[in-house]
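Listed here are the chains, written in short residue letters.
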Amino acid sequence: MTTSEAAEELRGWFSGRLPDEWFDGAPEVVLDREEASIVGRLPLPQGAEAVSGAERAGKIAGHVQRFREETRERRIGIAREAEQRFGYKVSWGVDCDGELEMFTHLSVPVMTRLRQPERRVLDTLVDAGVARSRSDALAWCVRLVGKNTDAWLAELRTALQHVERARAAGPTA
């Protein structure tokens, strides 16, 4: 099964499994080798449109926190079912009025080999106080690249889905 097919199956399963009142629409499912992130869209809290920016932000933050606390036990149970069925760790998050908050997510070590110029970049970020360690500095760099190349990465992911489909349709050895 390709990654995109696995994500579609997970999205379908979660759409059928989650209580209808939790989210506006189907949750977004983001899948990698270790983790399935389930992100649902929460409606704006009542009265949020009619208040100032600071009060609106406070209402949204409170709304997200209430949802997190009130659904915790059920989310844990559903995550366990999904982990057993699909083999991925499940993380949860919500989007409310464009504000994404992840409740849980994995921090997975990734082995890499860097030459001195790359290590010096990381060390500069550590020395400047931007990051606490080389590991944090590398994560910061990855986030920065991801943020600044979203369109290109989205195009690349779409191309990879086409490659996965072509491989799946090809002859088997």
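Computed from a prediction, not measured in an experiment: that's the story for all the values here.

Engineer: For this particular structure, what's the right way to read unusual backbone geometry?
Structural biologist: Only a minority of non-glycine residues have a phi that is not negative, and only a minority of peptide bonds are not trans. Unlike most non-glycine residues, D97 shows phi in positive territory, near 55°. In this fold, D97 is placed in the loop between strand 3 (89–96) and strand 4 (99–102). Assessed through its relative accessible area of 40%, D97 is described here as partly exposed.

Engineer: Looking at this model, I keep getting lost on the pairing of strand 4. Mind explaining?
Structural biologist: Walk down a regular strand and you will see the side chains alternate between the two sheet faces. Summarising the sheet, strand 3 and strand 4 pair through four bridges and their orientation is antiparallel. Bridge pairing in strand 4 places D95 opposite L100. Between strand 3 and strand 4, which pair antiparallel in sequence order, lie two residues; one of them, D97, sits at a positive phi of approximately 55°.

Engineer: What is the right way to look at the side chain of E164 in this model?
Structural biologist: Looking at the secondary structure, you find E164 in helix 5 (residues 150–169). We note that E164 is buried and unpaired, the nearest opposite charge coming from R167 at a distance of 6.5 Å. Among residues more than four places away in sequence, those in contact with E164 are T2, T3 and S4.

Engineer: Just to check I follow, could you spell out the layout of surface pockets for this structure?
Structural biologist: Taking a probe equal in size to a water molecule and rolling it over the atoms shows the remaining empty space. Put simply, the largest pocket is a space of about 2,600 Å³. Lining the largest pocket we find 48 residues, and of these V30, L31, D32, V142 and R157 sit closest to its centre. Per element, the largest residue contribution to the lining of the largest pocket is 11 residues, and it comes from helix 4 (residues 134–148). In terms of residue class, the lining of the largest pocket is made up of 23 nonpolar, 10 polar and 15 charged.

Engineer: What am I meant to see in the side chain of H63 here?
Structural biologist: You can see H63 is positioned in helix 2 (residues 53–86). Taking relative accessible area as the criterion, H63 reaches 12% and is therefore assigned buried. With near-sequence residues (within four places) excluded, H63 lies in contact with L42, P43, P45 and C96.

Engineer: Sorry, what's going on with the packing of helix 1 (residues 3–17) against helix 2 here?
Structural biologist: A pair of packed helices can be characterised by two numbers: the angle between their axes and the separation between those axes. Interaxial distance between helix 1 and helix 2 falls to 12 Å at its minimum, and their mutual angle equals 145°. Considering only the axes of helix 1 and helix 2, their crossing is right-handed. Here helix 1 contributes E9, L10, W13, F14 and R17 to the contact with helix 2, which in turn contributes I78, E81, A82, R85 and F86.

Engineer: I tried to follow the pattern of salt bridges on my own but got confused; where do I start?
Structural biologist: Working definition: two side chains of opposite charge can pair if their charged atoms are close together. Applying the stated rule across the entire model yields five salt bridges. A salt bridge links R17 to E81; the shortest N-O distance between them is 2.7 Å. Note that R17 is positioned in helix 1 and E81 in helix 2, a separation of 64 residues in sequence. R17 gets classed as partly exposed once you look at its relative accessible area, which sits at 30%. Among the ionic pairs, D123 bridges to R134, the shortest N-O distance being 2.7 Å. One end of the pair, D123, is in helix 3 (residues 116–127); the other, R134, is in helix 4, with 11 residues separating them in the sequence. For R134, a relative accessible area of 41% translates into the label partly exposed.

Quick notes on the rules
Residues numbered from 1 in each chain as written. Predicted model: local features only at pLDDT ≥ 70, side-chain atom pairs only at ≥ 80, totals over all residues. Heavy atoms only, no water. Helix = DSSP H or I, 4+ residues; strand = E, 2+ residues; numbered from the N terminus. Buried < 20%, exposed > 50% of the residue type's maximum accessible area, 1.4 Å probe, protein only. Pairing = 2+ DSSP bridges. Lys, Arg positive; Asp, Glu negative; His and termini not counted. Salt bridge = Lys/Arg side-chain N within 4 Å of Asp/Glu carboxyl O. Contact = heavy atoms within 4.5 Å. 1 Å grid on protein atoms, 1.4 Å probe; cavity = no way out; pocket = protein on both sides within 12 Å on 5 of 7 lines; lining within 4 Å. Points joined across faces, edges and corners; volume = space filled by probe spheres on them. Nonpolar A, V, L, I, M, F, W, Y, C, P; charged D, E, K, R; others polar. Axes fitted to C-alpha atoms, helices over the stretch in contact; angles between N-to-C directions. Left-handed = near helix turned anticlockwise from the far one by under 90°.

Bear in mind that shape data such as this cannot, by itself, settle questions of function.
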